[in-house]
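# Architecture at a glance
What follows is the residue order along each chain.
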Amino acid sequence: MHDGTNPECTCESCSNRPSSNKHNKIDTSLSNGSSLIPNGNNNSQQMHDEFTANGLSRVELVRLIEQALHEIGYSKAAEMLEKESGICALSPIVVQFRSAVLNADWNLADKLLPELNAFESDVQQQKARAVLCEQKYLELLESGDSESALNVLQNDLAPLHSTKVVQEACDGSRNRPELHRLTLLLMCRSAEELKERAVWRGSGIESRSEVIHKLQALMRSSVLLPDSRLESLLGNALDIQKQNAMFPYTLQTQPSLLENLSFSKHKLPCKEIAVLTKHSDEVWFVQFSHNGKYLASASKDRTVRIWDTRSVPFQNIAVFNGHTESLSYLSWSPDDSMLLSCGNDRAVCLWELSSSSRKHTLTKHAEGVTCCAWLPDSTQFVTGGTDRNIHLWNADSGSCTHTFVQGGRINDLAITPDGTKMVVLCSEKKITVYNLIERVKVYEIQETENSTSVSMS
């Protein structure tokens with residue numbers, strides 16, 4: 001039976017044990033932050049073998065396996081491994097701290113924070129406390145307890161944000177001081193307005209889990225393991241295999257943890273299966289839909305053609321007419337329900353695939369339109385042109401909601417997968433990054449030559 005003396009154990013008996021400085025301090029005598037405590041299984045020789053045959057730390061490996069077992073639902077197996085190995089994934093105080101954060105026990109979380117012994121410096125610890133206090137402040141505001149929220153702002157957040165380093169740590173991309181931004185949230189008239197202005201999910205497990213993730217970036221990883229760490233490592237290993245073996249041109253049809261991928265030259269696409277000849281002039285741009293069912297092509301003949309790729313040869317199922325000059329760019333909406341087309345006639349056309357009809361013709365650009373890109377929710381998109389302007393559009397109304405003025409002609413642009421940033425290439429040999437939430441320029445990268453294309457993974 002587990003005696004509950006292991007300072008690294010996460011089992012129920014340890015988690016419920018009353019806190020004390022003697023047992024809740026994390027043992028940092030080992031470089032990985034974990035304790036090895038022999039038990040009745042006489043496995044001391046195994047514990048003295050610090051590394052596996054492949055050079056991996058035995059302690060780190062066991063901790064990750066235990067974490068993975070808990071995450072995929074095999075908690076009893078994880079507890080058995082803890083008992084046999086004498087190695088535990090997290091210390092009781094870390095388990096207690098995580099529970100306090102996830103259950104919004106902010107006073108307990110604030111009390112336990114300095115006892116974690118998890119930070120490289122006092123500055124890092126202060127940054128972590130600022131993260132906790134901000135979440136507490138937002139949850140109090142959402143609940144309507146403005147008086148308590150104001151108390152947290154004045155007595156906790158204000159002193160923390162008096163130092164520049166803590167202010168920058170909370171969100172260096174914002175264009176006004178963080179404390180001022182938090183103060184303005186007191187004026188929100190509803191919970192929905194608060195969440196929108198704070199760019200916050202609201203109180204609950206999702207936003208509190210984000211707090212844990214922010215804290216993980218500030219703490220030593222040996223103390224608070226990143227979530228799903230083993231799964232993340234295995235995923236990265238598969239990605240490297242796929243890259244090295246040129247997947248999907250491999251003997252295997254799917255990647256597997258059980259074997260290495262093997263490249264097969266016979267899988268390379270080296271045979272022509274179709275020639276599409278419906279356009280009457282040069283084809284300047286093609287793009288597959290995200291689901292792979294359709295191909296869109298744009299031509300100098302001023303038309304857009306939609307091809308069904310599910311049969312060979314591809315079938316031309318729609319022709320979009322509406323432009324007066326040659327076309328140079330296309331972009332499918334993330335849900336594949338709409339398509340943008342643009343070119344030398346200064347117009348941007350928004351087409352609906354279901355009806356093969358034109359929903360909007362947008363003519364705000366003063367010169368040719370060179371590129372366009374969607375935000376991930378399929379409700380907004382951006383367009384860039386040689387007039388040096390980038391317009392942000394509402395797809396439903398067709399209205400321009402904001403204009404970014406760039407220094408040079410726009411060569412290409414792309415949106416990050418989370419929809420928060422836009423990367424722009426222009427003729428001034430610059431890469432510019434914009435914050436789409438605040439609608440401000442974040443930074444620029446000066447190049448020695450022009451870049452002509454950009455794509456986000």
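Note that residues are indexed from 1 along each chain, following the sequence as it is written. Reporting of local features is limited, given that this is a predicted model, to residues whose pLDDT is at least 70; pairs of side-chain atoms are given and counted only at 80 or more, and all residues count toward the totals for whole chains, interfaces and linings. Only heavy atoms go into the side-chain values, all of them from the structure, while hydrogens and water stay out.

Let's shift gears to helix 8 (residues 122-143). Numbering of helices and strands runs from the N terminus; a helix is a DSSP stretch of H or I covering at least four residues, while a strand is a stretch of E covering at least two. Helix span, expected: 1.5 Å multiplied by one less than the number of residues in the helix. The first and last C-alpha atoms of helix 8 sit 32 Å apart over 22 residues, in line with the 32 Å expected at 1.5 Å per residue. Among the residues trailing helix 8, G144 stands out with phi positive, at a value near 90°.

By definition, the strands of a sheet pair up through backbone hydrogen bonds, in either a parallel or an antiparallel sense. Spatial strand order, 5-6-7-8: four strands in an open sheet with antiparallel pairing. Of all the strands in the sheet, just strand 5 (327-332) and strand 8 (357-362) have a single pairing partner and so form its edges. Put simply, the sheet's adjacent strands are angled 20° from each other on average, direction ignored. Any two strands are treated as partners once DSSP identifies two or more bridges connecting them. Taken together, the five bridges between strand 5 and strand 6 (residues 338-343) define a ladder with antiparallel strand orientation. Here an angle of 0 to 180 degrees is reported between the N-to-C directions of two axes, which are lines fitted to C-alpha atoms, with helices fitted over the stretch in contact.

On to the sheet that holds strand 15 (residues 430-435). Read from one edge to the other, the open sheet built from four strands follows the order 13-14-15-16, with strand pairing classed as antiparallel. Sheet topology places strand 13 (410-415) and strand 16 (440-446) at the edges, where each strand pairs with a single neighbour. Neighbour to neighbour, the strand axes of the sheet diverge by 20° on average, direction disregarded. Where strand 14 (residues 421-426) meets strand 15, six bridges bridge the pair, whose relative direction is antiparallel. Looking across to strand 15, one finds that C426 is bridged to K430.

In this section: the side chain of H360. By the element assignment, H360 lies in strand 8. A distance of 3.0 Å separates a polar atom in the side chain of H360 from the backbone oxygen of D396. In this description, contact between two residues means that some pair of their heavy atoms is separated by no more than 4.5 Å. The residues contacting H360, other than those within four sequence positions of it, are V348, C349, L350, A395, D396, S397 and G398. Definition of a polar contact: a pair of N or O atoms within 3.5 Å, with one able to donate and the other able to accept a hydrogen when the atoms are protein atoms, and with sequence-neighbouring residues admitted only if both atoms are side-chain atoms.

Turning to the environment of A366, a few remarks are in order. The residue A366 is located in the loop between strand 8 and strand 9 (369-374) in this model. In the structure, A366 is positioned 21 residues away from D345 in sequence and 9.5 Å away in space, judged by C-alpha atoms. Non-local contacts of A366, meaning those with residues more than four positions away in its chain, are made with R346 and D387.

Right, let's talk about helix 14 (residues 229-244) for a bit. Under the 1.5 Å per step criterion, the end-to-end length of helix 14 is 23 Å for 16 residues, consistent within 8% with the ideal 22 Å. Positioned one or two residues after helix 14, M246 has a phi angle of 60°, which is positive.

For the bond running from F247 to P248, omega is 15°, close enough to zero to count as cis. Positionally, P248 belongs in the loop between helix 14 and strand 1 (283-288). P313 follows V312 through a cis peptide bond whose omega is 0°. The phi dihedral of R346 falls on the positive side, at around 70°, and the residue is not glycine. Buried, partly exposed and exposed residues are distinguished by accessible area as a fraction of the type maximum, computed with a 1.4 Å probe on protein chains only: under 20%, between the cut-offs, and over 50%, respectively. With relative accessibility at 44%, the residue R346 sits in the partly exposed group.

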